[in-house]
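These are the residues of each chain, in order.
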Amino acid sequence: EKARAQNKANKQTTHLIKDYIVLAKIHCCSKKESPKKYLDSALTLAKSNNLKEETLEVYEEGSKIFEKNNEFQKSNEFLRKFIAMKDSLNSTRMN
């Protein structure tokens, strides 16, 4: 029962993370609101719930969003974190 409740909570959290990513995409080129706050919220949720695949997705999508928004330093930062985490996850899976 406890495992089922945890699984349900993780699914809800995953949906919320994806919603934040969509909001970041919507506000990507907006002068009124930065996508950063949505990506930060998604990243906080993913990390605090130890959702590695979702954290990876936030870094990947964040890199694309910041690049599209001409925030190249932030885009590069997210891309570097994405690559490092992906390499780490891949090496863990191989062992």
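Preceding block: the structure.
First things first, this report covers the structure right here in the doc. None of the values given here were measured: they were computed from a predicted structure.

So, how was this worked out
Residues numbered from 1 in each chain as written. Predicted model: local features only at pLDDT ≥ 70, side-chain atom pairs only at ≥ 80, totals over all residues. Heavy atoms only, no water. Core = buried A, V, L, I, M, F, W, Y, C linked by side-chain atoms within 4.5 Å. Buried < 20%, exposed > 50% of the residue type's maximum accessible area, 1.4 Å probe, protein only. Contact = heavy atoms within 4.5 Å. Salt bridge = Lys/Arg side-chain N within 4 Å of Asp/Glu carboxyl O. Helix = DSSP H or I, 4+ residues; strand = E, 2+ residues; numbered from the N terminus.

## Observations concerning the nonpolar core
Then, number 1: Formed by 19 residues in total, the largest nonpolar core has its most connected members in Ile 17, Leu 39, Val 58, Tyr 59 and Phe 78.
Then, number 2: Discounting chain neighbours no more than four positions away, the residues touching Leu 39 are Ala 24, Val 58, Gly 62, Ile 65 and Phe 66.

## Description of the pattern of salt bridges
In a structure, side chains of opposite charge can pair up when their charged atoms sit close to one another.
Then, number 1: Overall, the coordinates contain six salt bridges when judged by the stated rule.
Then, number 2: Lys 64 serves as the salt-bridge partner of Glu 61, at 3.6 Å between the closest nitrogen and oxygen. Pair noted here: Glu 61 and Lys 64 are both in helix H3 (residues 52-68), with a separation of three residues, about one helical turn.
Then, number 3: The exposure class of Lys 64 is partly exposed, given its relative accessible area of 44%.
Then, number 4: Three or more residues are tied together by salt bridges with common partners; here these are Lys 25, Glu 61 and Lys 64.

## Regarding the side chain of Ser 75
Then, number 1: By the element assignment, Ser 75 lies in helix H4 (residues 72-94).
Then, number 2: With residues near it in sequence (within four places) discarded, Ser 75 still touches Ser 63, Phe 66 and Glu 67.

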